[in-house]
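Here's the letter readout for the chains.
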Amino acid sequence: MSKILIALGGNALGENPEEQRKLTHQAAKPIVDMIEQGHQVILSHGNGPQVGAIHLAFGKYAEEKGLDKLMPFAESGAMSQGYIGYHLQNALREELATRGIERSVASIVSQVLVDKNDPAFTSPTKPIGPFYSKEEADQLMKETGDTYIEDSGRGYRKVIPSPAPIDIVEKDIMKDLIDNGHIVIGAGGGGIPVIQEGKHKLTGVEAVIDKDLASECLAEVLDVDFFFILTGVDQVAINFGKPNQTALDSMSVKEAKEYIEQGQFPKGSMLPKVEAAIKFVESKKERKAIISSLERAKEAVEGKTGTVIYKDRESMLTN
Ligand SMILES: Nc1ncnc2c1ncn2[C@@H]1O[C@H](COP(=O)(O)OP(=O)(O)O)[C@@H](O)[C@H]1O
Ligand SMILES: NC(=O)OP(=O)(O)O
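Just so we're clear, the structure is a prediction, and the values are computed from it rather than from any experiment.

Student: Hey, could you run me through the packing of helix α6 (residues 211-221) against helix α8 (residues 270-283) in this one?
Tutor: The relative placement of two packed helices is expressed as an angle between their axes plus a distance between the axes. At a minimum axis distance of 8 Å, the contact between α6 and α8 shows a crossing angle of 15°. On the basis of the axis angle, α6 is roughly parallel to α8. Every pair of crossing elements has a handedness; the one defined by α6 and α8 is right-handed. On α8, the residues touching D212, L213, S215, E216, A219 and E220 of α6 are P272, K273, E275, A276, K279, F280 and S283. Here the contact of α6 with α8 is built from residues that sort into 5 nonpolar, 2 polar and 6 charged.

And the structure:
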């Protein structure tokens, strides 16, 4: 039996509640397959599209009411944890019950500690919300002063600061639940970004933490064996989107760092996944990270697809 942390991409959860409910039910199947195989599974998820939508919706509300204060991103992130966690925990609960497995599932409202002096606060990189055409993005930049960037060939998106996760505030309660056989959904949307002020006070900040990096932090504190990053592609590729695109079955940390140097992975999409995978496998020799798609998660567990990131040849050969 292995302890596995699965990070689900927010972009794979659809664009509205109906789609999300349907997609979480699909996601539940390969996840419950792993639970049925005897693995201890912990779940985290992204929130890029959802936190952007929540923030936009409250912006519209503020506009109608003539309010000058927008909904802060920490609160928008907290709402996205509830919205996505609600669907995920019910989908898992139903799938478990259908298979006669008696386990309870809970999403934990999770805060993630960041450094208030993180340079990310002055340099936005995290794409959130909907995709726009170049013309729309140019217009929005002019109107709002916000930054929009091209996101992996899919269109233009607003970017906001994304500081590095330092610690998971609710980690002890998560450990207790996991040790008692419960299934935990934690650090959703990269966690609610907070800074420590004084001894006891945590204050939310205007940011969205990358869920791959926050999930890696969670994977380390929970001491998991495998870190699965499930996204929109079956495998990581080099020369992505070009005629000579090549999918990778595996890469060592050394190779992954070389690809990063070559600029193979875009910021805000594939780069944080590869960086999170490297950080995880470097933290302990036996650890492996796998990047694959939700649809083919079961095959990825069986080693039939996905990109495995490993520390060195020796650790690749251990199970
Ligand atoms: N080198 C690459 N290999 C594979 N996919 C890539 C690569 N570079 C960018 N991508 C794109 O990045 C996407 C994953 O990023 P994103 O959708 O932001 O993640 P998430 O699933 O966490 O929401 C993939 O679905 C793919 O479209
Ligand atoms: N918070 C975050 O990284 O979300 P996505 O994975 O949806 O981009």
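There is more to say, and it comes next.
Student: Would you explain the sheet that holds strand β5 (residues 126-132) in this entry?
Tutor: Across a sheet, paired strands are connected by hydrogen bonds in the backbone, their directions being either parallel or antiparallel. Read from one edge of the open sheet, 3 strands run β5-β7-β6, paired in antiparallel fashion. Unpaired on one side and paired on the other, β5 and β6 (147-150) mark the two borders of the sheet. When strand polarity is set aside, the average angle formed by the axes of neighbouring strands in this sheet is 40°. Of the pairings in the sheet, the one linking β5 to strand β7 (residues 156-160) comprises 4 bridges and is antiparallel in character. Bridge pairing in β7 places P127 opposite V159. Along the sheet, helix α2 (residues 48-65) contacts β5 and β7; its crossing angle with β5, the most-contacted strand, is approximately 75°.

Student: I keep staring at the site of ligand 1 and nothing clicks. Help me out?
Tutor: As a matter of local geometry, ligand 1 sits amid 18 residues, with G9, N11, T231, G232 and S269 nearest to it. Residues of the shell around ligand 1, tallied by class, amount to 8 nonpolar, 10 polar and no charged.

Student: It is not clear to me how the site of ligand 2 should be interpreted in this structure. Could you clarify?
Tutor: What surrounds ligand 2 is the set G9, G10, N11, G46, N47, G48, G189, G190, V208, D210 and K211. Within the shell around ligand 2, the residues separate by chemical class into 1 nonpolar, 8 polar and 2 charged.

Student: Explain the sheet that holds strand β8 (residues 167-168) here, please?
Tutor: Pairing within the open sheet is mixed, and its 4 strands lie in the order β8-β4-β10-β11. A strand with exactly one partner marks an edge of an open sheet, and here the two such strands are β8 and β11 (201-204). Taken together, the 2 bridges between strand β4 (residues 111-113) and β8 define a ladder with antiparallel strand orientation. Residue pairing across strands places L113 opposite D167, the latter belonging to β8. The sheet contacts of helix α3 (residues 73-98) involve β10 (192-197) and β11, and relative to β10 the element is tilted by about 130°.

So, how was this worked out
- Residue positions are given per chain, counting from 1 as you read along its sequence in written order.
- Chains carry letters from A onward and ligands carry numbers from 1 onward, assigned in written order.
- In keeping with the predicted nature of the model, local features appear solely for residues at pLDDT of at least 70, side-chain atom pairs appear and are counted solely at 80 or more, and the whole-chain, interface and lining totals rest on all residues.
- To get an axis, a line is fitted to the C-alpha atoms, and for a helix only the part in contact is used. The angle between two axes follows their N-to-C directions and goes from 0 to 180 degrees.
- Where helices and strands are cited, they refer to DSSP runs of H or I of at least four residues and of E of at least two residues respectively, numbered from the N terminus.
- Angles are sorted into four bins: roughly parallel if under 35 degrees, roughly antiparallel if over 145, roughly perpendicular if 65 to 115, and oblique for all others.
- Crossings are assigned a handedness: left-handed for a near helix turned anticlockwise from the far helix by less than a right angle, right-handed for a clockwise turn.
- Note on contacts: residues are paired as contacts if their backbone-placed C-beta atoms lie within 7 Å.
- When residues are grouped by polarity, Ala, Val, Leu, Ile, Met, Phe, Trp, Tyr, Cys and Pro land in nonpolar, Asp, Glu, Lys and Arg in charged, and all others, Gly among them, in polar.
- Here, any two strands with at least 2 DSSP bridges between them count as paired.
- Placing the C-beta atom from the backbone, one calls a residue near a molecule or strand if that atom lies within 6 Å of it.

These values are about where atoms sit, not about what they do.
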